[in-house]
Amino acid sequence: MKRSMTALAVTSVLTATTLALAGCSGSTGTGSGATAGTAAPVTLTMWGTYGNGGNTAQTDVLNKTLIPSFEASHPGITVKYVDIPYDSLKQKLTTGAAGGELPDLVRSDIGWVAQFASLGVLAPLDEKMSDFSTLSAATYPGSLATNAWNGHYYGLPLDTNTRVLVTSQAALDAAGMSKPPATFDDLKAMAAALKGKKIAVFADSGLQGWNILPWIWSGGGEITDAKLTKATGYLDGSKSVAAVQMLVDLYKQGEIPNLLTGNTGATSTSDGLPKGEYATILDGPWMRDIWKGQFPAFAPIYAPVPAGAGGSISVVGGEDVVIPSTTTHLDAATAFVRYTQSDEFQLAMAKVGQMPVVASAGTKAAAADPFYAPFATQLATAKPRLVIPQSSQVDTILSTELTPAFEGTTTVQAALTSAAKQIDALLTSK
Amino acid sequence: MIDSTQPQVVRAAVSPVAARTTRRRRRAGRATPYLFLAPALVLFVGLIVYPMVRAFQMSFYDWKVLAGATSTFIGFDNYTRAMGDPVFWRGLANSGVYMALSVPPQIVLGLLIAMLLKAKSPSQPVYRVLFYLPVVTSWVVVSLLFKYLFADKGVINWALADVLHLGDGSTSWLSGRWTALIAICALGVWKGIGWSMMIFLAALQGVPESLEEAAVMDGANRWQRFRVVTLPAIRPALGFVVVMLVIGGFNVFTSVLLMTGGGPGGQTEVLLTYMYRQAFTNLDFGYGSAIAVILTVIVFLLSLAQMRLFRGGDEEER
Amino acid sequence: MSALHRTRPASGVLRHVLLILGALIMLTPFVYMVSTSFKSQAYVLTIPPQLVPDPATFDNYVQVLTTQNFAAYFMNSVVVSLTSTVVSVLISSMMAYAFARFRFPGRELLFRLVLVGLMVPAMMLIIPQFILAKQLGLIDSLQGLIVFYVAASISLNTFLLRGFFASIPGELDDAMQVDGANAWTRYWRLVMPLSTPALATTTIFTFLATWDEFAWALTIINDPSKRTLPLAIQLFQGQNATQWGLVFAASVVAVLPVIVVFLIFQKYFVQGLTSGAVKG
């Protein structure tokens, strides 16, 4: 009986000890960052999203070719790449920042750099790397711009992409066209030709900046002035309104499916085009490998974004490489950043679907693989989305305000005026 | 009299008083209860209550995420901001609608199935497992599954048009606020029925047969027997199910995030998806915390009211 | 058989029709999931839906089981879920016993506090918990998962078990006490054995919750060798396209152990609730 009373006490103590032990062993596991200094062996941790939904081509190149090559030329440095689900990387970066537990390198979406830089999470690379200006001068300006915040650069472009018009021969045949629609008028004509054939002329999966800006820019409109101080007068200017109005008209005629307004149940663009439900979509270079795996018989046709009054202007996508300011291996990390800008790195990634950001490598990649040519051409004029910390709020504002315009409960002008006002407020508070 | 044969898991869960009748003053040392409490309490207070307090504290700040950064105290600003934020109200309304539309079917259908399964038969365990299967499957998996079923070209539309000949099967379920909420509720009900069924089944086993037999002798029909004998006997279980489902209903999150992402245009945003967006997309933790605190308070008050309701009835019976 | 159970054949048929119909509705989504896991992307979402995949392919399963270190993640999930469940059920039952059998200062307040734990949205605690986990050195370790999973499951388990314990007649305790048994003996030898159904319930709930948990695992696990299954499954959801076949194949693999655990414990779930000494 006494024994069983002790059992209670023992259980209590045991639980506490287990927890304490868990604490100890846990802390030894994370001690990789403790040994700073240039001479001692260094392990760099890098977070990224190269994995991309079970497609291992990019992670394989990184882990089996590029990192070993870097480690061979940089004795004492080991690089450990950790793949994070795309939808979760931002949450992980956020909690990591709150706890001061970030890796040494991050492959960040271009849209997040300003946000994390404004929080003080990232190291200003233009101050930390003596050769920054040489490296940055070699990259595409549109990609480089996404690293700027408040007078400093917090990263270097890592890979880039843009959206071009993708169509299929079957769709062109159905519309009786010999070549992809090159202008807004061509697109409208295509819509008329496809009427009643159960093929939507165009499909896209949202109304965020990534989706809607190519149309606004190509139509000659703008989101803000060049200095990012005001959206009113730009986003709700007549050219912006006209470009969006064209989409709204097509939508109301049933020529654009409601995937555009956020119907998550609609056929996705990547399935709809090869299956012949959609005639055209805007998409990026990654689709080649996805279709190759999923629809081997499908032969996509790539063409520039249809031109309006402003020409054919698309949106810049891609990733930047950044260094969290908490790293204790700054020299090793900057060495790896430098390596990412090399032809070796850029061209190896180009082979598996990531477009180079260094202009010279871009030319070489396009020459080596003609697939990239339309993307490279489009990139020459493509623009980045607003480089401000609240870029995700801009996306929310755009889709929230524009959805009713497409559903017909408000006018495009009213929607964009309201969106512009809200973006003005963000711009003044930045 | 019903006491000793009650379905125990559920009955006393909702009525702390039940313990009072059976409790006896123990002479064992005063420290004994605390020794029993200690392991769980240490963990709970340390890893749940303390973070809860911190989250509560955050809601009064313009919270800076970065470790070591100084945050500004802004009093009730985050709360007044919520009061004037239409998306917050829409989220609250949607959470409420979800709760209102998904809880009653789970209770009614769960109880119905439990009644049908009450009698022991060789097939009973098989049905039990089948109905419980959705409960044991992860929310992530079933949310993706239902998004897929309710897709424009999914099974639901196909079944409506080609099998049942209702409409032309062109409904875009996930593109409108109400149709999307229906789809999300359908998932909630489908996933939850097994759970309430199991609790009711346990409760029904505790209804003394003698009572029912007596009712049969008195010439009571099925409905009367259900109303007079069964219902009062499972009242505590009913209370427990209602409380748990209401809590769960207001905390709906994964299914909305994965099925509609709160879209289109924020129409299907519920409180928790909106909180998540504020916290982890806009990194506005102060505001996110304020929304979470409001949600917790609402749920707590509702639960207390319900427990009081069901407990009140419980005491009457004695 | 009592008069009660002598039902007319017609109503028996109706009962079975209703049950079979219900079971079919419950089952169809699963059938569809399994069938999709054997399809290649081109055959996903076709009208009319294909229940039997044609052509069927094992590619998704092969890819799931080979591209990532799936076996290791599976083991991690098993270790984390089993440990968390055992520890949580043990310490929650102790806590529940204290609430059910003792009167002590602060009892009501503490119990209310435990209830609040049921109502707070877990997402909101993540940042403070992460900072805490860092201070405790629990980042990037399975222990860090276990400890927080246990803490998170205490509320519901205590709530359920306390109710059950309270309903076990105190007279039994008294009798044992007269025989000289102390509190631990009464808890371990009397109350626990009588509570098998409730313990089975909490075991299933806890195992389920920890097996599926994603957000916390994502937050604290960095080392790929320490990933749990939900993390691995999420990696199949790409930025640019979701391969449904892959996601569902991974899900089928992940769901099987849960079904096994459930099948093992389900008979205690309802049976025995009113059996034994409890019936008095």
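Residues numbered from 1 in each chain as written. Chains lettered and ligands numbered in written order. Predicted model: local features only at pLDDT ≥ 70, side-chain atom pairs only at ≥ 80, totals over all residues. Heavy atoms only, no water.

Undergrad: Looking at this model, I keep getting lost on the interface of chain A and chain B. Mind explaining?
TA: Taken together, the contacts link 33 residues of chain A with 25 residues of chain B. Between chain A and chain B the total buried area reaches about 2,400 Å² when both faces are included, carbon and sulfur atoms providing 63% of it. Taken together, chain A and chain B are joined by zero salt bridges. On inspection of chain A and its partner chain B, the count reaches 11 residue pairs in polar contact (both at pLDDT 80 or more). (Contact = heavy atoms within 4.5 Å. Buried area = accessible area lost by both parts, 1.4 Å probe. Salt bridge = Lys/Arg side-chain N within 4 Å of Asp/Glu carboxyl O. Polar contact = N/O pair within 3.5 Å; in protein donor to acceptor, adjacent residues only side chain to side chain.)

Undergrad: Is there a simple way to explain the domain arrangement of chain A in this structure?
TA: When the parts of a complex come together, some accessible area is lost, and that lost area is often used as the size of the interface. Residues and elements named next belong to chain A. Structurally, chain A comprises domain 1 (41-162 + 318-381) and domain 2 (164-314 + 390-429). Its C-alpha centre places domain 1 at a distance of 28 Å from the equivalent point of domain 2. Contacts between the two partners involve 17 residues from domain 1, matched on the other side by 17 residues from domain 2. At the boundary of domain 1 with domain 2, total buried surface from both sides reaches about 1,400 Å², with 54% on carbon and sulfur atoms. Scanning the region where domain 1 abuts domain 2 turns up one salt bridge. Residues Asp369 and Arg288 are paired through a salt bridge, measuring 3.0 Å at the closest nitrogen-oxygen approach. (Domains from an automatic or database assignment.)

Undergrad: Where do I start with the packing of helix α11 (residues 238-252) of chain A against helix α19 (residues 412-429) of chain A in this structure?
TA: Helix-helix packing: each pair is described by the crossing angle between the helix axes and the interaxial distance. Residue and element names in this part refer to chain A. For the pair α11 and α19, interaxial distance at closest approach is 9 Å and the crossing angle is 125°. Compared by their axis directions, α11 and α19 come out oblique. With respect to the hand of their crossing, α11 and α19 are arranged in right-handed fashion. Here α11 contributes Ser240, Val241, Val244, Gln245 and Val248 to the contact with α19, which in turn contributes Val412, Gln413 and Leu416. (Axes fitted to C-alpha atoms, helices over the stretch in contact; angles between N-to-C directions. Helix = DSSP H or I, 4+ residues; strand = E, 2+ residues; numbered from the N terminus. Parallel < 35°, antiparallel > 145°, perpendicular 65-115°, else oblique. Left-handed = near helix turned anticlockwise from the far one by under 90°.)

Undergrad: How should the sheet that holds strand β8 (residues 200-203) of chain A be read in this particular structure?
TA: Within a sheet, adjacent strands bond to each other through the backbone by hydrogen bonds, running parallel or antiparallel. All names here are of chain A. Judged by pairing direction, the sheet is mixed, and its four strands sit side by side in the order β8-β9-β7-β10 without closing on themselves. Each edge of the sheet is formed by a strand with only one pairing partner; in this case those strands are β8 and β10 (300-303). Across the sheet, the axes of successive neighbouring strands diverge by a mean angle of 25°, strand direction being ignored. Bridge count between strand β7 (residues 164-168) and strand β9 (residues 278-283): four bridges; the pairing is antiparallel. Bridging across to β9, Val164 finds its partner in Asp283. (Pairing = 2+ DSSP bridges.)

Undergrad: Mind showing me how you'd approach the packing of aromatic side chains here?
TA: How two aromatic rings sit relative to each other is given by the distance of their centres and the angle of their planes. Within the structure shown, the criterion is met by 57 aromatic pairs over all chains. Centroid distance Trp210 of chain A to Trp286 of chain A: 6.4 Å. Interplanar angle 25°. Geometry classified as stacked. Of this pair, Trp210 of chain A sits in helix α10 (residues 209-218) while Trp286 of chain A sits in the loop between β9 and α13 (287-294), and the two are 76 residues apart along the sequence. By relative accessible area, Trp286 of chain A is classed as buried at 14%. For the ring pair Trp184 of chain C and Trp188 of chain C, a centre distance of 5.8 Å and an interplane angle of 10° mean the geometry is stacked. A residue pair is termed a helical-turn pair when its members lie 3 or 4 positions apart in one helix, as Trp184 of chain C and Trp188 of chain C do in helix α8 (residues 183-194) at four residues. (Phe/Tyr/Trp six-rings, centres within 6.5 Å; stacked < 30°, edge-to-face > 60°. Buried < 20%, exposed > 50% of the residue type's maximum accessible area, 1.4 Å probe, protein only.)

Undergrad: So what exactly am I meant to see when it comes to the confidence of the model for chain A here?
TA: Averaged over chain A, the pLDDT score is 87; the fraction of residues at 70 or greater is 90%. Confidence over residues 13-38 of chain A falls short of pLDDT 50; this stretch has 26 contacts with residues more than four positions distant or in other chains. (pLDDT = per-residue confidence, 0-100.)

Undergrad: Can you walk me through the nonpolar core in this structure?
TA: In summary, soluble globular proteins display a tendency toward joint burial of nonpolar side chains. Among the nonpolar cores identified, the biggest contains 222 residues, and Phe36, Phe88, Trp195 and Phe285 of chain B together with Leu145, Phe165 and Trp216 of chain C are the most heavily contacted of them. The contacts of Phe285 of chain B, once residues within four sequence positions are left out, are Thr94 of chain A, Met58, Trp63, Val65, Ala279 and Phe280 of chain B together with Met124 and Ile127 of chain C. Within the second largest apolar cluster, 80 residues are counted, among which are Ala279, Trp286, Trp291 and Val305 of chain A. (Core = buried A, V, L, I, M, F, W, Y, C linked by side-chain atoms within 4.5 Å.)

Undergrad: I'm lost on the sheet that holds strand β1 (residues 42-48) of chain A in this one. Help?
TA: Residue and element names in this part refer to chain A. In spatial order, the strands read β2-β1-β3-β11-β6; together these five strands make up an open sheet with mixed pairing. Each end of this open sheet is capped by a strand with a single partner; those strands are β2 (77-83) and β6 (155-162). Direction aside, neighbouring strands of the sheet carry axes that sit 20° apart on average. Where strand β3 (residues 105-109) lies against strand β11 (residues 316-322), four bridges are found, and the strand directions are antiparallel. Of the residues in β11, the one forming a bridge with Arg107 is Val321.

Undergrad: Hey, could you run me through the packing of helix α7 (residues 139-149) of chain B against helix α9 (residues 177-205) of chain B in this one?
TA: Residue and element names in this part refer to chain B. At a closest axis distance of 10 Å, the pairing of α7 and α9 adopts a crossing angle of 135°. With respect to α9, the element α7 is oriented oblique. Where α7 crosses over α9, the two elements pack in a sense that is right-handed. Touching Trp139, Val142, Ser143 and Phe146 of α7 are Ala183, Ala186, Leu187, Gly188, Trp190 and Lys191, all from α9.

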